[in-house]
Each structure stands twice: as structure tokens, then as C-alpha cells.
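Next come the chains, spelled out residue by residue.
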Amino acid sequence: MRIWVRTEASTRIGLGHFMRCYALAEEARMQGHEVVFLINDIAEAAIQRLLNLGIRCRHLDTSIGTPQDVAALRAVIAPGEVIVSDSYAIGPDYYNDLYTDYILVAMDDLAVVRPLNVHLLINAAPSAETRPYDQIAPYAVKCLGPAYALIRHEFRQTYPLPPRGHVSVMFGGSDPYGFTARCAEALADMGAAEIRLIAGPAHNDVDSLRALCAGREECRLYLSPDNVAEVLSGATLVVTAAGGSLNEVAAMKLCALGLVVADNQASWLLSSPFPMLDARNGWPEGFEATVCTLLDRPDVRSSIAMRAHAQIDGRGCERVLSAIASLTL
């Protein structure tokens, strides 16, 4: 099976769309399938990830989701092949134009594209089953809920534990709102013994993180690490943005504190196995108190971690690929 992935990644947009597509592509390659990414703007480190897996990456000059973009896809993709699409810029016309000639797989978070004319729909958010997908995508096979969370293989491995616990902080590939540094400063002021800061390849202010770590010996910076899971291993607590990172933490059986930093993450406030804080209007009230409670109560952390792992076991990519393989035009 050949799978074409149409997505986007940049400092402005972040790497969330790219990374969940990458997780699916990684599992597809492990199963022997061919994968090609079609992308506009992407960090060099992300391209290298694709090449390391034997995945081709083709640059497209067309704006994603436009009629010109549809024409560009038709020029390179044979009828009957699989197209996985992941972008908020894609609207109903894109799917309508491609539906009869290709197997369309859409990753969706918001249920605002109407109609959503695809063959398979993926939304791994805890609240996905409450979305009106039966109305807007009545004919699609639906992969909804945490069981379909797209988790990279590294988060399903075990690693040697460090000699002591640590608090890890990660806010995606770009962190456009600067929460990595804010959280690090707050944790350091609270007396955290070791703080690991994970910054992705599109982070927009690495110099500030370097300066922060240079002034605080308890802070260590991991810039675009080859293996994020290895850095997280043994964490007492992970502070991260709502979304895919929480799924990765759950797969590792760790405890997290999630921050909702954008409107498209708001559903996590209503249904998440992890404690959540709303940071869309700035620094969240109650951050310090919540962190103190979690750090002081290992029994609470363990209960949260086990409850989250029961929902997200790390095998979502396998389930999605099985669903894709069952589709034919």
C-alpha cells in the first residue's frame, strides 16, 4: 500500500499536524508500506526524521486545500491510492473534489468542515465521540477516541531510569506562546530539583531557553532530541500542552499536567484523564498549587497515570492502519 500524506508544519502553525502524521507513517513503514509526504514548509530536522524512516518528502508550492493544491495532488498521485490529510486549512471542496478517485483519510479535531466527505475519519481526542460526525461524515469509517491516538514507537519502549525523578516541560515543536520558559521559571522558583526542557525543531526562541538554563543549574535543555521518550523516562511529572503530547505521556504510564494554550485544545478541559489548566488568556491561576499537590502525592500521580494508560495504550497507529487497509474504492 502506498500512502500519501498532505500536511503542513512551521513555526507559526507548529508541528502537531506533522508529528501525528509521522507517527502513522512510522508504523506504516514498519509494516512495509510506502509513504510519501507532500508538504510546503518544514524544519530540516523534521525532514531528516522522514529520511531516516525511508520516507520520501516532496515540496509543493501550492497553498494547502486550494483548487491549485487539488490539481497538484492529482498530478502526482495515481487514482485509487490513499491520501491522508491533516490541516485546519482544508475545507469541504478539497474532499469533494478528490472523493471519487482516492481513498481519503482525514485527521480532524474540530468537526467544523461540513460536509466532511472522506472514507475514514480520525479524531483521538477524549471528547471525539460527542462530536456530530454522524451528521457531517455519515458514510465515513470513524476512528474516534483515545484508542486511536497516534503514538510514535519510541513512546512504547522502556528505558533505563535516571537516578532521581525530574519534572519535564514540553510544549510541542514550536511553542508559539512561550510556555516552556514560563513553566521552567515557575518550577525553579518552587524548588524543583531537576527540570528538563524539551524544545522542538521549530521552537521560535531557543536563545531564551539557553539563557534560562545557563542561569539555573537545575534546568537542562534538550533541543530537538532524537528520542523524546528517553528524555521523559523516569519523570515525576510532565508539564505539557493539551493534545498529542498528553497521549504520549499516557502511553508511557507517566503523570502529566496539561495546559490548554489554544482554542482548538479546549475540549481537553472537559474530558481528559489528566488534570488540566486553561492558559488561553495567559498564565493559569492555580499552576503552582496544582504542581505542589501532584509532586507531594505519589499515590495521586500513580492513579492518574494508570487511568490515562488504560485509555491510551500506544497501539492507535496499528488500529488506524488496519482500518485504512480495509478500505477499497
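All residue numbers refer to position in the chain's written sequence, counted from 1. Residue-level local features of this predicted model are given only where pLDDT is at least 70; pairs of side-chain atoms are given and counted only at 80 or more, and the full residue set underlies all totals for whole chains, interfaces and linings. Water and hydrogen atoms were dropped before computing side-chain values, which therefore reflect all heavy atoms in the structure.

A. Quick peek at the overall build of the protein. Helix and strand counts for the protein stand at 12 helices and 13 strands. For 329 residues, the compact-globule formula gives about 20 Å, and the C-alpha radius of gyration of the protein, at 20 Å, lands near that figure. Judged by the C-alpha coordinates and their principal axes, the protein covers about 60 × 40 × 35 Å. Here the protein holds 329 residues, and 54% of them are scored as buried. The helix and strand labels rest on DSSP assignments: H or I over at least four residues marks a helix, E over at least two residues marks a strand, and numbering proceeds from the N terminus. The size measure is the radius of gyration over C-alpha atoms, and the globule rule it meets is 2.2 Å times the number of residues to the 0.38 power. Buried means the residue's accessible area, taken with a 1.4 Å probe over protein chains only, is under 20% of the maximum for its type, while exposed means over 50%, and partly exposed covers the values in between.

B. Just the pattern of salt bridges, in detail. The term salt bridge refers to a pairing of a side-chain nitrogen on Lys or Arg with a carboxyl oxygen on Asp or Glu at a separation within 4 Å. Evaluated as defined, the whole model comprises 20 salt bridges. The partner of Arg-6 in a salt bridge is Asp-69, with the nearest N and O atoms 2.9 Å apart. With a gap of 63 residues between them, Arg-6 in strand E1 (residues 2–7) and Asp-69 in helix H3 (residues 67–76) connect regions that are remote in the sequence. On the basis of relative accessibility, which here comes to 0%, the residue Arg-6 falls in the buried class. Between Asp-101 and Arg-74 there is a salt bridge, with the nearest N and O atoms lying 2.8 Å from each other.

C. How the structure looks around the sheet that holds strand E8 (residues 166–170). If DSSP finds at least two bridges between two strands, the strands pair. Pairing within the open sheet is parallel, and its six strands lie in the order E10-E9-E8-E11-E12-E13. Edge positions in the sheet fall to strand E10 (219–223) and strand E13 (276–278), since each of these pairs with one other strand and no more. Sheet twist, expressed as the average angle between the axes of neighbouring strands with direction ignored, equals 20 degrees. For strand E9 (residues 195–199) and E10, the ladder comprises five bridges, and the chain directions are parallel. Bridging from a neighbouring strand, Leu-197 pairs with Leu-221 of E10. Between two residues, a contact is recorded if the distance between any of their heavy atoms is within 4.5 Å. All axes are obtained by fitting lines to C-alpha atoms, using only the stretch in contact for helices, and the reported angles, taken between N-to-C directions, cover 0 to 180 degrees. Sitting on the sheet, helix H9 (residues 244–251) is in contact with E8, strand E11 (235–241), strand E12 (256–260) and E13, with an inclination near 160 degrees to E11.

D. Summary view of unusual backbone geometry. Of note, the bond from Arg-114 into Pro-115 is cis; its omega dihedral lies within 30 degrees of zero at -5 degrees. Within the element layout of this structure, Pro-115 appears in the loop between strand E5 (103–107) and strand E6 (120–123). Positive phi, close to 50 degrees, is recorded for Asp-175, a residue that is not glycine. Examined against the element boundaries, Asp-175 turns out to sit in the loop between E8 and helix H6 (179–189). Notably, Lys-253 is not glycine yet its phi reads approximately 65 degrees, a positive angle. With respect to the element layout, Lys-253 can be found in the loop between H9 and E12.

E. How the structure looks around the sheet that holds E5. Overall, parallel pairing links the seven strands, which are arranged E3-E2-E1-E4-E5-E6-E7 in an open sheet. In this open sheet, the two strands that pair with only one neighbour each are strand E3 (56–59) and strand E7 (141–144). When the angles between neighbouring strand axes are averaged without regard to direction, this sheet yields 20 degrees. As judged from the four bridges shared by E6 and E7, these two strands associate in the parallel manner. Bridged to Asn-123 within E7 is Leu-144. Sheet contacts for helix H1 (residues 16–30): E1, strand E2 (34–39), strand E4 (82–86) and E5; angle to E2, the most-contacted strand, approximately 160 degrees.

F. Structural context of the pairing of E6. Side chains Leu-120 and Ile-122 project from E6 onto one buried face, and the interleaved Leu-121 and Asn-123 project onto a second face that is buried too. Here three bridges tie E5 to E6, and the two strands are oriented parallel to one another. Residue pairing in the sheet places Met-107 in a bridge with Ile-122 of E6.

G. Inspection of the packing of aromatic side chains at higher detail. Under the pairing criterion, centres of Phe, Tyr and Trp rings, with the six-membered ring standing for Trp, must be within 6.5 Å; the plane angle then separates stacked pairs below 30 degrees from edge-to-face pairs above 60, leaving the rest tilted. Applying the stated criterion across every chain, the model contains five aromatic pairs. Look at Phe-171 and Phe-179: their rings are 5.7 Å apart centre to centre, the planes differ by 25 degrees, and that puts the pair in the stacked class. As far as the burial class goes, Phe-171 and Phe-179 line up, both buried. The structure contains a cluster of three or more aromatic residues connected by ring pairs, namely Phe-18, Tyr-22 and Phe-37.

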